[in-house]
Amino acid sequence: MSAADTTTPAKVPPPRPAPPPPSAPRRPRTRAASAGAGTPWLLLAPCLLILVLVMGYPLVRLVTLSFQKFGQSQLWGFQPAESVGLDNFTDVLGDSEFWSVVVRTIVFAAGCVIFTMVLGMLIALLLQRVSGWVKTLINIALVASWGMPIIVATTVFKWLFDADYGILNAVLSRLPGVDMIGHNWFASGPQGLAVIMLLVIWGAVPFVVITLSAGLTQVPKELEEAARLDGAGAWGVFRYVTLPILKPIIVMLTTLSVIWDMGVFPQVFVMRGGHPEAEFQLLTTYSYDRAFVVNDYGQGSAIALITVLLLLGVVAVYMRQMLKIGEVE
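What you are looking at is a predicted structure, and each value in this text was computed from that prediction instead of being measured.

Cut-offs used in this document
- Residues numbered from 1 in each chain as written.
- Predicted model: local features only at pLDDT ≥ 70, side-chain atom pairs only at ≥ 80, totals over all residues.
- Heavy atoms only, no water.
- Helix = DSSP H or I, 4+ residues; strand = E, 2+ residues; numbered from the N terminus.
- Buried < 20%, exposed > 50% of the residue type's maximum accessible area, 1.4 Å probe, protein only.
- Phe/Tyr/Trp six-rings, centres within 6.5 Å; stacked < 30°, edge-to-face > 60°.
- Lys NZ or Arg CZ within 6 Å of the ring centre and 35° of its normal.
- Arc of directions from axis to C-beta.
- Contact = heavy atoms within 4.5 Å.
- Axes fitted to C-alpha atoms, helices over the stretch in contact; angles between N-to-C directions.
- Parallel < 35°, antiparallel > 145°, perpendicular 65-115°, else oblique.
- Left-handed = near helix turned anticlockwise from the far one by under 90°.
- Nonpolar A, V, L, I, M, F, W, Y, C, P; charged D, E, K, R; others polar.
- Core = buried A, V, L, I, M, F, W, Y, C linked by side-chain atoms within 4.5 Å.
- Patch = residues over 30% accessible without salt bridge, like charges linked within 9 Å, V, L, I, M, F, W, Y side chains within 5 Å.
- Areas by Shrake-Rupley, 256 points an atom, 1.4 Å probe, with all protein chains shown as cover.
- Salt bridge = Lys/Arg side-chain N within 4 Å of Asp/Glu carboxyl O.
- Expected span 1.5 Å × (residues − 1).
- Bend = angle between axes of the 7 residues up to and from the residue.

Break down the overall build of the protein chain for me, citing the residues and quoting the values.
When helices and strands are counted, the protein chain shows 14 helices and 2 strands. Each of the 329 residues in the protein chain was classed as buried or not, and the buried ones make up 33%.

The following block contains the structure:
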């Protein structure tokens, strides 16, 4: 046996693992999270500041006046404003005329909203079936009518329904057996409010049509074709395909229409020459009369505050519906 065979082989030490690369220093998460959470509020700050400046003081003043006895003596500084607690609200809520105005306002707003949404939907569906140049002409007409100032539109409607020179009476009188010459459309409350309702609908339909037309472009054509292949007719396609997709837009438009139509003021005020009769009074004009005609600013503010609370109820219903839609999606 040689020496090479008896020699014990040397053990090679195992290689050392490479040290891990130095990690970058971690930034504190609290500052990054707080900065990220504060960015939306920083971006909203200018808008919120403008809202506080424009609406904050009037709203606070409205609430303050609704709990005070405030007339011309207090307005001119001859007497200090006197706190009366809830007397203004109890007087208003105990007045039968106020409840007649509330019912009239609700019926008026409901009629405007229903006809506006139905006509808007029909016109929007019709625009999907006409040629491009016809759609362009109709959209131009809609935008022109939508952009017309309320005072101008009201003046036009006053001329159309005038008892002596109104073109509508002249056109209707040409029908066989119809004599409308000299007919006064504002001799009764229901007829006069129907005319004002037409004016409100005429000004509100363009916005609804344009918004629904944009929503209809998002309805997948594949779903409509599949529904037709399953045997659904035009009404079935609209009910089970188009309507569910447009539901968020319809809820939004309906809510906005209720708020706008319950706040109608210039149409009634101008149409009746600045002095709406009792059967033409809505909540807005009734509050104005109590404040600036009767010079009872406390009760006028109380009526306006009650109107705001009613509208907040509509907004609450809208928010609830939108949350339900979000949960389903």
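Please set out the packing of aromatic side chains residue by residue, giving values where relevant.
All told, the structure shown has 15 aromatic pairs when counted by the stated rule. With 6.1 Å between their ring centres and 80 degrees between their planes, F70 and Y297 make a pair best called edge-to-face. Here Y297 lies in helix α14 (residues 297-328) and F70 lies in the loop between β1 (68-69) and α3 (72-75), a separation of 227 residues in the sequence. With a centroid separation of 6.2 Å and an interplanar angle of 45 degrees, the aromatic rings of F186 and F280 are classed as tilted. Of this pair, F186 sits in the loop between α8 (167-173) and α9 (189-216) while F280 sits in the loop between α12 (266-271) and α13 (283-293), placing them 94 residues apart in sequence. Given a relative accessible area of 11%, F186 falls into the buried group. Put simply, the rings of F70, F265, F269, Y288, F292 and Y297 pair up and form one aromatic cluster. Looking at R61, its charged tip hangs above the ring of F70, at a distance of 5.5 Å from the centre. Above the plane of the ring of F280 lies R272, whose end atom (NZ or CZ) is 5.0 Å from the centre.

Tell me about helix α7 (residues 150-160), and name the residues and values.
Among all positions in α7, only A153, T154 and F157 are buried. All buried residues of α7 fall inside an arc of 100 degrees around its axis, so they share one side. Here the buried face of α7 lies against α9 and α12.

Requested: an account of the environment of K221, with residues and values cited.
Locating K221 in the fold gives a position in helix α10 (residues 221-229). The exposure class assigned to K221 is partly exposed, which follows from its relative accessible area of 48%. Along the chain, K221 and V241 lie 20 residues apart, while their C-alpha atoms are 9.9 Å from each other.

Describe the packing of helix α5 (residues 96-127) against α9, with residues and values.
Remark: α5 packs on α9, axes separated minimally by 7 Å, with the N-to-C direction vectors making an angle of 40 degrees. What the angle tells us is that α5 and α9 run oblique. Note on packing geometry: the crossing formed by α5 with α9 is right-handed. Taken together, the residues of the contact of α5 with α9 sort by class into 21 nonpolar, 4 polar and 1 charged.

Residues and numbers for the nonpolar core, please.
Within the largest apolar cluster, 32 residues are counted, with the highest numbers of intra-cluster contacts made by F98, L212 and L283. Those elements that provide at least two residues to this core are α4 (87-93), α5, α9, α11 (234-262), α13 and α14. Setting aside its immediate chain neighbours within four residues, L283 contacts F98, V101, V102, T105, M262, I303, T307 and L310. Counting residues in each nonpolar core, the second largest holds 24 residues, with V195, I201, V209 and M271 among its members.

Go over the side chain of Q267, please, and point to the residues and values.
By the secondary structure assignment, Q267 is in helix α12. When neighbours within four sequence positions are excluded, Q267 is seen to be in contact with I150, T154, I196, L199 and V200.

Please set out the environment of S287 residue by residue, giving values where relevant.
In this fold, S287 is placed in helix α13. Taking the relative accessible area as the measure of exposure, S287 reaches 10% and is therefore buried.

How would you explain a nonpolar patch on the surface if you had to name every residue and give the values?
Together, W41, L44, L48, L49, I50, L51, L53, V54 and M55 make up a nonpolar patch on the protein surface, roughly 950 Å² of accessible area in all. When you line up the elements, L53 lands in helix α2 (residues 29-66). For L53, a relative accessible area of 62% translates into the label exposed.

Can you break down α11 residue by residue, with the values?
Residues separated by three or four positions in an α-helix point in the same direction, a consequence of the helix having 3.6 residues per turn. Taking 1.5 Å per residue, 29 residues should reach 42 Å; α11 reaches only 34 Å between its end C-alpha atoms and comes up short. The sharpest bend along α11 reaches about 55 degrees and sits at K247, with the proline P248 one to four residues further on.

Can you lay out the packing of α5 against α11 for me, pointing to particular residues and giving the numbers?
One can describe the packing of α5 onto α11 by two numbers: an axis separation of 10 Å at closest approach and a directional angle of 140 degrees. As the angle between them shows, α5 and α11 are arranged oblique. Seen from above, α5 lies across α11 with right-handed handedness. Listed contacts from α11 to T105, F108, A109, C112, V113, M117, M121 and L125 of α5 are F238, L246, I250, L253, T254, S257, V258, D261 and M262. Looking at the contact of α5 with α11 residue by residue, the classes come out as 13 nonpolar, 3 polar and 1 charged.

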